[in-house]
Amino acid sequence: MGKSPEKHGGRRTVLKRGSRPAQGEGVCPASRAASSEPCVQMRTQVRKGSDEARERHGHEPGGVPGEFAPMRLQKFLARAGVASRRHCEELIASGRVSVNGQTVTEMGFKVDPASDAVALDGDPVSLGEAPVTIMLNKPAGFVTTMSDPEGRRCVADLVPLEQYPGLFPVGRLDCDTTGLLLFTNDGQLGYRLAHPKHHVDKTYVAHVKGRAGKKQISKLRRGVTIRGGLTSPAKVREIGSTPEGSILEITIHEGMNRQVRRMCSAVGLPVLELERIAMGTLHLDGIRRGCWRVLSDGEVEELCKAASLGE
């Protein structure tokens, strides 16, 4: 009664009670024309926005998209999707940013998006509409980059760049790792979510080779040494099994390269398949592999709280 057979990633698995079911529908790049209605509805919801969301992103409270309050130059650049706020400060300090034709290197300099002309290396920069954040269910076989000189398939091929210019991935997933990957054109939000100091939880389901013992799970929970450093304590539980081994649910807040795979290998449990199923309060429920959807204002606000945005 406590176990029921499920299909997960092409393997016959036995999931324990309380584990998350298979994911459902979303908006797929291959069928946007046929599935545009849900996306249009979500986009309308984002554009309407709450007063709190508008104020956080530079809108006057009670205004409409396109009406912005004066803001610091580095915030303007980050909000426009140029880069994280810290990187924008470096761009300003290096003399690459101009306002109304004059180079500006002062960090506290404020601009009025409605009247000032901002440029980076001579190219105009504008805010456009209110920022957008989308959630993709990444398939295996795609690298987390917006372009690849080696010609490999990129996640940029899976998201609506024409519809939402300036999108960039928040953090990364390995080529063979599947699951939840966020994209945003809000530089400050992207930086906060990706930085480990803000402790945004990320939850993974790992199919490992071999049955996980109590000692191995205990080590993962306490932290293991990888690449010369000790990982922070993690939440780990066994949620099922396959003929090859255990299925583990692992929650971390760090973002070291291939961290979950390295952690499991360090305790003798090589990862066969890995999927990210949650980030903060977000879950992949309802989004098929290779599909995406726009986050609501409420979901973005929850992410901002998780990333301590506004502190």
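Since the model is a prediction, treat every value here as computed from it, not as a measurement. (Residues numbered from 1 in each chain as written. Predicted model: local features only at pLDDT ≥ 70, side-chain atom pairs only at ≥ 80, totals over all residues. Heavy atoms only, no water.)

Pairing in this open sheet of 4 strands is antiparallel, and the strands run S5-S4-S7-S8 from one edge to the other. Two strands in the sheet have a free side with no partner beyond their single neighbour: strand S5 (102–103) and strand S8 (123–125). Across 3 bridges, strand S4 (residues 97–99) lies against strand S7 (residues 118–120) in antiparallel orientation. Note on S7: the bridge partner recorded for Ser 98 is Ala 119. (Pairing = 2+ DSSP bridges. Helix = DSSP H or I, 4+ residues; strand = E, 2+ residues; numbered from the N terminus.)

The next thing to look at is the environment of Leu 127. Counting through the fold element by element, Leu 127 comes out in the loop between S8 and strand S9 (133–138). Residue classification places Leu 127 among the buried residues on the basis of a relative accessible area of 10%. Along the sequence, Leu 127 and Arg 79 sit 48 residues apart, while their C-alpha atoms lie 6.8 Å from each other. (Buried < 20%, exposed > 50% of the residue type's maximum accessible area, 1.4 Å probe, protein only.)

This part is about the packing of aromatic side chains. Across all of its chains, the model carries 0 aromatic pairs by this definition. Cation over ring: Arg 153 sits above Phe 142, and NZ or CZ is 4.4 Å from the ring centre. (Phe/Tyr/Trp six-rings, centres within 6.5 Å; stacked < 30°, edge-to-face > 60°. Lys NZ or Arg CZ within 6 Å of the ring centre and 35° of its normal.)

Let us now look at helix H4 (residues 85–93). Buried within H4 are the following residues: Cys 88, Leu 91 and Ile 92. Projection of H4 onto a plane perpendicular to its axis shows the buried side chains occupying an angular sector of 100°, all on one side. Of the surrounding elements, those touching the buried residues of H4 are helix H3 (73–79), S4 and S7. A positive backbone phi angle near 80° is found at Gly 95, which sits one or two residues after H4. (Arc of directions from axis to C-beta. Contact = heavy atoms within 4.5 Å.)

Among the 7 residues that make up strand S16 (residues 246–252), 7 are buried, leaving the element largely enclosed by the rest of the structure. Side chains of S16 alternate between two faces, with Ser 246, Leu 248, Ile 250 and Ile 252 and Ile 247, Glu 249 and Thr 251 buried alike. Where strand S12 (residues 202–208) and S16 come together, 6 bridges link them in antiparallel fashion. Following the sheet pairing, Lys 202 is matched in S16 by Ile 252. In textbook terms, the turn of a hairpin is the stretch between consecutive antiparallel strands, and for strand S15 (residues 235–241) and S16 this stretch comprises 4 residues.

Here the focus is the state of the cysteines. A full pass over the atoms with the stated rule returns 0 disulfides. Of the cysteine sulfurs around Cys 175, a residue in no disulfide, the closest is that of Cys 154, at 9.6 Å. For Cys 175, a relative accessible area of 28% puts it in the partly exposed group. (Disulfide = S-S within 2.5 Å.)

Here we come to unusual backbone geometry. At Arg 227, a position not held by glycine, the phi torsion is positive, near 55°. In this structure, Arg 258 takes a positive phi of about 50° despite not being glycine. Here Arg 258 is to be found in the loop between S16 and helix H7 (259–266). The exposure class of Arg 258 is partly exposed, given its relative accessible area of 38%.

Ranked by internal contacts, the top residues of the largest apolar core, which has 34 residues, are Ile 134, Phe 183, Leu 248 and Ile 250. Of all the elements in the fold, those that place two or more residues in this core are S9, strand S11 (178–184), S12, helix H6 (214–222), S16, H7, strand S17 (271–279) and strand S19 (292–294). If sequence neighbours within four positions are ignored, Ile 134 has contacts with Val 159, Pro 160, Leu 167, Leu 181, Leu 182, Phe 183, Trp 292, Arg 293, Val 294 and Leu 295. Within the second largest apolar cluster, 18 residues are counted, among which are Leu 73, Phe 76, Val 111 and Val 118. (Core = buried A, V, L, I, M, F, W, Y, C linked by side-chain atoms within 4.5 Å.)

On average, residues of the chain score 79 in pLDDT, and 76% of them are at 70 or above. The low-confidence segment residues 1–25, where pLDDT is below 50, has 62 contacts with residues more than four positions distant or belonging to other chains. Long-range and interchain partners of residues 30–67, a stretch whose pLDDT sits below 50, account for 66 contacts in this model, where long-range means more than four residues apart. (pLDDT = per-residue confidence, 0-100.)

As enumerated under the stated definition, the model contains 11 salt bridges in all. When the shortest N-O distance is used, the salt bridge between Arg 152 and Asp 148 registers 2.9 Å. Owing to a relative accessible area of 16%, Asp 148 belongs among the buried residues under this scheme. Notably, a salt bridge pairs Arg 152 with Glu 150, separated by 3.7 Å at the nearest N-O pair. Accessibility expressed as a relative area gives 41% for Arg 152, which makes it partly exposed. Via salt bridges that share partners, Arg 172, Asp 174, Arg 258 and Arg 261 belong to a single interconnected network. (Salt bridge = Lys/Arg side-chain N within 4 Å of Asp/Glu carboxyl O.)

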